[in-house]
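Next come the chains, spelled out residue by residue.
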Amino acid sequence: MITVIGSANMDLVVGTENFPDQGETVLGNVFDTVPGGKGANQAIAAARLGSETHMAACVGNDMFGTSILNNLEQNKVGVTGVRVVEGASGIANILLSEGDNRIIVVPGANSSLMPSYIDEIEELIKRSKLVMLQLEIPIPTVIYALAKCQALNIPVMLNPAPASGFELDMMPSIKYLTPNETECEQIFGMDMVSALEKYPNRLIITLGSDGARFFDGEKHVIVESFKTNVVDTTGAGDTFNGALAHGIVTGMELEQAVRFANAAASLSVEKFGAQGGMPSFEEVEARLEERR
Ligand code: ATP
Ligand code: RIB
């Protein structure tokens, strides 16, 4: 079983031909409201692949909170650890253009996920094969959760996004760290190769359309992505993390799990919305098979 302790947002997505310049107004061509948040996205990615997945999060007592909760349930994510708090749910303002995105997150209810809540979900943590964390909830809560998992001997996968919340002394209590290239440089302040060699089989760097890489203690392993038609890359990293977690808890070797995660993420970018293209296990298997 996987427990994700993290954010749940409603994504307000606007598509436009070109990003507006400072002070400029442009016309958009699409607007949609879809569930997101790095925590919820990673939980749903793992659940769609067949892992028993539970979420610990806070949503607001507004319309978005109800939709976020319903969406988690519809995707078979356990919600006994999701608390409804007074006030607005977290939202992400997502601008899609030029094959990329720009995101502003307003944490709302996610800010209510306090360290004391980690004690309340201790039973979920104890039952987990893996706990997943990101950095869209209060950092003291992340630090407390890391200490709790270490004390209980439960491995943690931490996706350091946004990277500004990462602290180097979190590293000893993290089994797998999954930054993208930019986050890796921000966190370690050294070149990617040196960072990888410092953390064999623990640091997995995602490389966008180039796939992902890690160092196995002897050699650098670069796992290529699956080329595809990109519609929306939002949530590619989250799909990668959810799929990597599924691979690891089901006993795949790290290289096999990274390949599986690349395949899952390549399917996710083919559809609109962070969760829109997150695949089932059978869809990932089919992609792996067709490109074998
Ligand atoms: P995001 O913030 O957009 O969710 P990220 O910056 O955290 O993503 P990336 O390294 O961009 O992470 O992408 C994560 C994974 O998604 C990659 O390792 C790769 O497997 C897959 N991926 C991303 N972009 C593409 C693409 N254009 N084509 C195929 N796969 C992709
Ligand atoms: O990683 C993508 C997610 O980041 C979006 O769903 C948005 O909610 C932000 O948290």
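Everything discussed here concerns the structure shown above.
It should be emphasised that the depicted structure is a prediction, and the values quoted were computed from it without experimental measurement.

Overview of the sheet that holds strand β4 (residues 53-60)
Okay, step 1: If you walk across this open sheet you meet the six strands as β5-β4-β1-β8-β9-β10, and the pairing is parallel. With one partner strand each, in any of the chains shown, β5 (77-85) and β10 (176-177) form the two edges of the open sheet.
Okay, step 2: Pairing of strand β8 (residues 130-133) with strand β9 (residues 156-158), which is carried by three bridges, proceeds in the parallel orientation. Along β9, the bridge assignment pairs Val131 with Val156.
Okay, step 3: The sheet strands contacting helix α2 (residues 63-74) are β4 and β5, and the helix crosses β5 at an angle near 170 degrees.
Okay, step 4: Seen against the sheet, helix α8 (residues 236-249) touches β1 (2-5), β8, β9 and β10 and runs at an angle of roughly 170 degrees to β8.

Some words on the pattern of salt bridges
Where side chains of opposite charge bring their charged atoms close, a pairing between them can arise.
Okay, step 1: Applying the stated criterion to the full structure yields nine salt bridges.
Okay, step 2: Linking Glu120 and Arg83 is a salt bridge whose minimum nitrogen-to-oxygen distance equals 2.5 Å. Here Arg83 lies in strand β5 and Glu120 lies in helix α3 (residues 115-120), a separation of 37 residues in the sequence.
Okay, step 3: For Glu120, a relative accessible area of 52% translates into the label exposed.
Okay, step 4: Overall, the relative accessible area of 29% leaves Arg83 in the partly exposed class.
Okay, step 5: A salt bridge links Glu270 to Arg287; the nearest nitrogen and oxygen atoms lie 2.8 Å apart. Here Glu270 is found in the loop between α9 (254-268) and α10 (281-290), whereas its partner Arg287 is found in helix α10, with 17 residues between them in sequence.
Okay, step 6: In the salt-bridge network here, residues are joined through shared partners; they are Asp119, Glu122, Glu123, Lys126 and Lys148.

Quick notes on the site of ligand 1
Okay, step 1: In the neighbourhood of ligand 1, 16 residues make up the surrounding shell, with Asn180, Thr206, Gly208, Gly211 and Asn262 lying closest.
Okay, step 2: Between an oxygen atom of ligand 1 and a side-chain N or O atom of Asn180, the distance comes to 2.8 Å.
Okay, step 3: For ligand 1, the protein covers 82% of the area, taking 630 Å² as the surface of the free molecule.
Okay, step 4: At a threshold of 2 Å from the grid points, most atoms of ligand 1 map onto the largest pocket.
Okay, step 5: Of all the secondary structure elements, the ones that give two or more residues to the shell around ligand 1 are α8 and α9.
Okay, step 6: Residue composition of the shell around ligand 1, by class: six nonpolar, ten polar and no charged.

Here we look at the site of ligand 2
Okay, step 1: Close to ligand 2 lie Asn9, Asp11, Gly36, Gly37, Lys38, Asn41, Ala92, Val105, Glu136, Asp238 and Ala274, which account for all nearby residues.
Okay, step 2: In the environment of ligand 2, an oxygen atom lies 2.8 Å from a nitrogen or oxygen atom belonging to the side chain of Lys38.
Okay, step 3: Interatomic distance of 2.7 Å between a side-chain N/O atom of Asp238 and an oxygen atom of ligand 2.
Okay, step 4: For ligand 2, the accessible surface in isolation is 280 Å², of which the surrounding protein chains cover 96%.
Okay, step 5: Judged by the fraction of its atoms near the pocket grid, ligand 2 is located in the largest pocket.
Okay, step 6: Elements supplying a minimum of two residues to the shell around ligand 2: β2 (9-16) and α1 (38-48).
Okay, step 7: Here the residues of the shell around ligand 2 sort into three nonpolar, four polar and four charged.

Conventions we followed
Residues numbered from 1 in each chain as written. Chains lettered and ligands numbered in written order. Predicted model: local features only at pLDDT ≥ 70, side-chain atom pairs only at ≥ 80, totals over all residues. Heavy atoms only, no water. Pairing = 2+ DSSP bridges. Helix = DSSP H or I, 4+ residues; strand = E, 2+ residues; numbered from the N terminus. Contact = heavy atoms within 4.5 Å. Axes fitted to C-alpha atoms, helices over the stretch in contact; angles between N-to-C directions. Salt bridge = Lys/Arg side-chain N within 4 Å of Asp/Glu carboxyl O. Buried < 20%, exposed > 50% of the residue type's maximum accessible area, 1.4 Å probe, protein only. Near = heavy atom within 4 Å. Polar contact = N/O pair within 3.5 Å; in protein donor to acceptor, adjacent residues only side chain to side chain. Areas by Shrake-Rupley, 256 points an atom, 1.4 Å probe, with all protein chains shown as cover. 1 Å grid on protein atoms, 1.4 Å probe; cavity = no way out; pocket = protein on both sides within 12 Å on 5 of 7 lines; lining within 4 Å. Sits in = over half its atoms within 2 Å of the grid points. Nonpolar A, V, L, I, M, F, W, Y, C, P; charged D, E, K, R; others polar.

Function cannot be inferred from these measures alone, as they are strictly geometric.
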